[in-house]
Amino acid sequence: MKFFSANLSNLRELYINQLQMLLSTERQIIHAIPKMIEKAGDLQIKQALQSHLQETEVQVRRLEEILRQTTGEAEMVKCKALAALVEEAENMIQDASDESVRDAAIIAAIQRIEHYEIATYGAVRHFAQILGESTPAQLLDQTIKEEGHADHLLSSIADRVNPYAQKAA
Ligand SMILES: [Fe+2]
């Protein structure tokens, strides 16, 4: 992606707006994960979600720090996509009466959220690089790695809790 210098102030606005939206994304995740931990039957899922919850708290602080250094305050813009993903997740979990199906629904829901985050953070990291914001770009990169790790961990748990899928693969 190449930008002419005249467009950089506009790109900066988009960058800040997306950081503010990511702050809302992460805060909604902090609110949603404990309910999923409660509903999960598998211990490894509970542990993976618990450690991702702690990671998410650090990710919120990272975003707040970037926003404070960029704009002087950590304002938030509501992320409607995450609100919809959480609502969809809650429906999937509610509809699954069987425990292992419920666990599969929880993994599917969290992985969907992780992929949304990876895509969004990837774009915002790119904006930071174009704007010469190297420290924020590094901090955002750290978060992307954590989201990727959480996604892979859930894939390996899914292989174990759903042995049929493993045999079929
Ligand atoms: Fe996150």
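Residues numbered from 1 in each chain as written. Predicted model: local features only at pLDDT ≥ 70, side-chain atom pairs only at ≥ 80, totals over all residues. Heavy atoms only, no water.

By the naming in an unreviewed UniProt entry, the protein goes by DUF892 family protein and is assigned to Terriglobus albidus.

Looking only at helices and strands, the protein has 6 helices and 0 strands in total. Projecting the C-alpha coordinates of the protein onto the three principal axes gives extents of approximately 55 × 30 × 25 Å. The contacts of the protein with a sequence gap of at least 6 include a subset with a gap of at least 24, amounting to 79%. Of the roughly 9,200 Å² that the protein leaves accessible, carbon and sulfur atoms contribute 52%. For the protein, the distance from the average site of its 17 positive side-chain charges to the average site of its 25 negative ones is 1 Å. (Helix = DSSP H or I, 4+ residues; strand = E, 2+ residues; numbered from the N terminus. Contact = heavy atoms within 4.5 Å. Areas by Shrake-Rupley, 256 points an atom, 1.4 Å probe, with all protein chains shown as cover. Lys, Arg positive; Asp, Glu negative; His and termini not counted. Charge placed at Lys NZ, Arg CZ, Asp CG, Glu CD.)

Assignment of secondary structure puts Gln59 in helix H2 (residues 43–71). By relative accessible area, Gln59 is classed as buried at 0%. The residues touching Gln59, leaving out its near neighbours within four places in the chain, are Glu26, His52, Glu117, Tyr121, Thr143, Glu146 and Glu147. (Buried < 20%, exposed > 50% of the residue type's maximum accessible area, 1.4 Å probe, protein only.)

In this section: the pattern of salt bridges. Here the idea is simple: oppositely charged side chains can pair when their charged atoms come close. The tally for this structure, following the rule as stated, stands at 8 salt bridges. Here Glu90 makes a salt bridge to Lys35, at a shortest N to O gap of 3.3 Å. Taken together, the residues Glu90 in helix H3 (residues 80–95) and Lys35 in helix H1 (residues 8–39) connect sequence positions 55 residues apart. Residue Glu90 is classed as partly exposed on the basis of its relative accessible area, which comes to 31%. Residue classification places Lys35 among the partly exposed positions, given a relative accessible area of 38%. Residues Arg112 and Glu88 are paired through a salt bridge, measuring 2.9 Å at the closest nitrogen-oxygen approach. With a gap of 24 residues between them, Arg112 in helix H4 (residues 99–130) and Glu88 in helix H3 connect regions that are remote in the sequence. Overlapping salt bridges, with partners in common, bring together Arg125, Asp141 and Lys145 in one network. (Salt bridge = Lys/Arg side-chain N within 4 Å of Asp/Glu carboxyl O.)

This part is about the coordination of the iron ion. The reference angle at a metal is 109.5 degrees if four donors form a tetrahedron and 90 or 180 degrees if six donors form an octahedron. Protein coordination of the iron ion is provided by Glu26 (OE), Glu26 (OE), Gln59 (OE1), Glu117 (OE) and Glu147 (OE), with donor distances spanning 1.9 to 2.5 Å. Each donor residue of the iron ion lies on the same chain, and together they follow the pattern E-x32-Q-x57-E-x29-E. Highlighted residues: Glu26 in helix H1 and Glu117 in helix H4, separated in sequence by 91 residues. Judged by relative accessible area, which is 0%, Glu26 ranks as buried. Overall, Glu117 belongs to the buried group, its relative accessible area being 0%. (Donors = N, O, S within 2.8 Å, 3.2 Å for Na, K, Ca; no water.)

Within this numbering scheme, the UniProt entry marks residues 46–99 as carrying the feature "coiled-coil region" (unreviewed entry). Helix makes up 80% of residues 46–99 and strand 0%. Its end C-alpha atoms lie 13 Å apart. (UniProt positions renumbered as here; feature names shortened; annotations may be inferred.)

This part covers the nonpolar core. Counting 24 residues, the largest nonpolar core has Ile33, Met36, Ile45, Leu49, Leu82, Ile106 and Ile110 as the members making the most contacts within it. Ranked by residue count, the leading element in this core is H4, at 6 residues. Filtering out sequence-adjacent residues up to four positions away, Met36 remains in contact with Leu49, Ala89, Ile93, Ile106 and Ile110. Listed in part, the 19 residues of the second largest apolar core include Ile16, Leu19, Leu63 and Leu67. (Core = buried A, V, L, I, M, F, W, Y, C linked by side-chain atoms within 4.5 Å.)

Looking now at the environment of Ala150. Among the structural elements, Ala150 can be located in helix H5 (residues 134–161). Separated by 125 residues in sequence, Ala150 and Thr25 have C-alpha atoms that sit 16 Å apart. Contact partners of Ala150, with chain neighbours within four places excluded, come to His52 and Glu114.

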